[in-house]
Amino acid sequence: SKKKPNNIKLYVRRVFITDNCEDLIPEWLSFLKGIVDSEDLPLNISRETLQQNKILKVINKNITKKAIELFQEISENKEDFNKFYEAFSKNIKYGIHDDTTNRDKLAEFLRFHSTKSGLEMTSLKDYITRMKEGQEFIYFVCGESKKAVEESPFLENLKKKGLEVLLMSDPMDEYAMQQLKEFEGKKFKNITKEGLELATDEEEKKKQEELKKATEQLCTVIKDTLGEKVEKVATSQRLSTSPCVIVTGEFGWTANMERIMKAQALRNSGMGSYMTSKKTLEINPSHPIIIELRKKVEKDKSDKTVKDLVWLLFETALLTSGFNLDEPTTFASRIHRMIKLGLAIDETETEISDKTTGDEDIPALEEEGGDANEMEKVD
C-alpha cells in the first residue's frame with residue numbers, strides 16, 4: 001500500500017474532512033502527527049477547491065512555525081535532542097534542501113561529527129566558536145562512512161594546521177550542503193573540491209611557488225601519461241603524508257555524490273554525463289615517492305617504470321579519494337606485478353611455468369602436423 005503523504009487530519013468545525021491533504025504541511029514534516037480544526041474553511045469544501053484555498057497556505061506556515069518552535073524546545077535538553085536527531089535528522093536535512101524560507105533556522109539543528117568533537121556531535125554554532133583567528137570558511141568533507149571520512153587524505157594538512165573539519169557520512173548531507181551555502185556569515189568549503197588555499201603567510205606562499213616550479217616537468221609527464229583521465233595535474237596544499245589525491249571541480253559532483261547517483265535504481269543516465277566532475281590529480285611535492293619520480297623524469301622522460309608507477313599512483317588515489325575503479329582487473333594485475341617484484345619472482349619464470357602446466361593438456365603440434373601430411377598422401 002502506498003504511504004500516506006502526511007499524518008495530519010483536517011477538521012472543519014469539528015467535522016472530519018480529510019487525512020490526505022498534501023498542502024497542509026511541507027513534505028519534510030511528514031513525520032508529524034496531529035489534528036487541525038479550522039473555523040475559517042467552508043464545511044462543504046471539495047478536494048479541488050481545498051487545494052486552491054489560501055487559508056491552507058496560512059495553516060501550512062503556522063504548522064511549520066510551531067514545529068520549529070517545538071524543535072527549539074527539544075534542543076534545550078541535550079539528551080532529548082540526541083534521541084530526536086537520531087530519529088529525524090534526515091527530515092531536517094531534507095527541509096534544508098527543500099524549504100528556502102526556513103533554511104537558516106533549520107541549520108541551527110544540524111549536528112555533525114568533527115575532527116575535534118570526539119564521540120560527541122557538534123552544532124554549527126559551536127564550530128564557529130572554535131574557529132581559528134582569520135579562518136574564513138567552515139570546512140567539511142562527505143564520504144561513505146564515518147571511518148572512511150576520518151581517515152581521508154584530504155584532512156592531512158588541515159589537521160596539521162589545527163583547523164576543524166566537519167565529517168559527514170549521511171547521503172542526505174550531500175543534498176543539504178548543495179543548498180546551504182553559509183551559516184552566520186561563514187561560507188562552507190568542501191575540502192574534496194579544488195580551490196582550497198591553506199597557505200596563509202608570505203613565506204609559505206613562496207615555498208609553495210618554488211615547489212610548483214620544481215615539479216612542473218613531472219606534472220606534464222603525468223598529464224601526458226594519464227591523458228583524458230584527468231583534467232589537469234597540480235601541486236597540492238592539502239596533503240602532508242599521502243603522495244597524491246584526486247579532487248573534483250568546484251561546480252560538479254563530488255566523488256561521494258557520484259557514488260550516490262550511480263546507486264540510484266531509476267537514475268537518468270544522461271544527467272551524469274554533464275554533472276560528472278572533471279578530475280584534478282594533486283601531487284604532494286614533499287613526498288619521497290614524488291621526489292624520486294621527479295628525479296627519474298629529469299633523467300629520462302620516456303622511462304617505462306615512471307609510466308607504470310604513475311598509473312599505479314593514479315588508481316590508488318582514485319580509491320583513497322572515494323571514486324570507483326573503471327578497470328579493477330588492470331589495477332589488480334599491476335599490484336600482482338609489484339608483489340612479484342617484492343618476492344623477487346622473475347616474469348619469465350611464471351611464463352615458463354604457465355606453459356609447462358598448459359602443455360600437459362594440449363598434444364604436441366608436430367604430431368598434428370604429421371597426421372595432416374599422411375592424409376595428404378592418401379588423397
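Residues numbered from 1 in each chain as written. Predicted model: local features only at pLDDT ≥ 70, side-chain atom pairs only at ≥ 80, totals over all residues. Heavy atoms only, no water.

Trainee: What is the right way to look at the layout of surface pockets in this model?
Mentor: One way to see where empty space is left: roll a probe the size of a water molecule over the atoms. One number sums up the size of the largest pocket: a volume of about 570 Å³. Lining the largest pocket are 22 residues, and of these Met177, Gln178, Lys181, Lys193 and Glu250 lie nearest its centre. Secondary structure elements with two or more residues in the lining of the largest pocket: β6 (137-142), α8 (171-179) and β9 (186-190). In terms of residue count, β9 provides more of the lining of the largest pocket than any other element does, 4 residues in total. (1 Å grid on protein atoms, 1.4 Å probe; cavity = no way out; pocket = protein on both sides within 12 Å on 5 of 7 lines; lining within 4 Å. Points joined across faces, edges and corners; volume = space filled by probe spheres on them. Helix = DSSP H or I, 4+ residues; strand = E, 2+ residues; numbered from the N terminus.)

Trainee: Please explain helix α3 (residues 78-98) as it appears in this structure.
Mentor: Along an α-helix, a turn takes 3.6 residues, which lines up residues three or four apart on a common side. The end-to-end C-alpha separation of α3 is 26 Å, well short of the 30 Å expected for 21 residues at 1.5 Å each. Of all the bends in α3, the greatest, near 70 degrees, is centred on Phe88. All of the buried residues in α3 are Phe81, Phe84, Tyr85, Ser89, Asn91, Ile92, Lys93, Gly95 and Ile96. Where α3 is buried, its residues contact α2 (54-75), α4 (103-107), β4 (111-114) and α8. At the N-terminal end of α3, a side-chain oxygen is found 3.1 Å from the backbone nitrogen of Glu79, two or three residues along, and the residue is Asn77. (Expected span 1.5 Å × (residues − 1). Bend = angle between axes of the 7 residues up to and from the residue. Buried < 20%, exposed > 50% of the residue type's maximum accessible area, 1.4 Å probe, protein only. Contact = heavy atoms within 4.5 Å. Polar contact = N/O pair within 3.5 Å; in protein donor to acceptor, adjacent residues only side chain to side chain.)

Trainee: Before we go on, may I ask you to explain the sheet that holds β9 in this structure?
Mentor: In a beta sheet, neighbouring strands are held together by backbone hydrogen bonds and run either parallel or antiparallel to one another. Taken in spatial order, the 6 strands make up an open sheet running β5-β4-β7-β6-β9-β8, and their pairing is mixed. Taken across any chain shown, the strands that pair with only one partner, and hence form the sheet edges, are β5 (122-123) and β8 (182-183). Here β4 pairs with strand β7 (residues 165-168) via 2 bridges, running antiparallel. Within β7, the residue paired with His113 across the bridge is Leu167. (Pairing = 2+ DSSP bridges.)

Trainee: Just to check I follow, could you spell out unusual backbone geometry for this structure?
Mentor: Peptide bonds are mostly trans, and most non-glycine residues show a negative phi. Its identity as a non-glycine residue notwithstanding, Arg13 has a phi of 50 degrees, on the positive side. As for its position among the elements, Arg13 is in the loop between β1 (7-12) and β2 (15-18). With phi around 65 degrees, Arg14 is a residue other than glycine that occupies positive phi space. Among the structural elements, Arg14 can be located in the loop between β1 and β2.

Trainee: Please clarify how the side chain of Ser321 should be interpreted in this entry.
Mentor: Tracing the backbone shows Ser321 in the loop between α14 (304-320) and α15 (328-342). Within the local environment of Ser321, its side chain forms a polar contact with the backbone nitrogen of Ile246, the two atoms lying 2.9 Å apart. Not counting residues within four places of it along the chain, the set of residues in contact with Ser321 comprises Phe154, Val245, Ile246 and Ala255.

Trainee: Where do I start with the sheet that holds β2 in this structure?
Mentor: Spatial ordering of the open sheet is given by β2-β1-β3, a layout of 3 strands whose pairing is mixed. In this open sheet, the two edge strands, each paired with only one partner strand, are β2 and β3 (33-38). On average, adjacent strands in this sheet sit at an angle of 35 degrees to one another, irrespective of strand direction. Where β1 lies against β3, 6 bridges are found, and the strand directions are parallel. By the bridge assignment for β3, Lys9 is matched with Ile35. (Axes fitted to C-alpha atoms, helices over the stretch in contact; angles between N-to-C directions.)

Trainee: In this structure, what is going on with the nonpolar core? I would like to understand it.
Mentor: Side chains of nonpolar character tend, in soluble globular proteins, to be buried together. By size, the foremost hydrophobic cluster in this structure holds 57 residues, and its most contacted members are Leu124, Tyr139 and Ile191. Leave out the neighbours within four places in its chain, and Tyr139 touches Tyr127, Leu158, Leu163, Glu164, Val165, Leu166, Lys189, Ile191, Leu196 and Leu198. If you look at the next biggest cluster of nonpolar residues, it comprises 25 residues, including Val221, Leu281, Ile290 and Val297. (Core = buried A, V, L, I, M, F, W, Y, C linked by side-chain atoms within 4.5 Å.)

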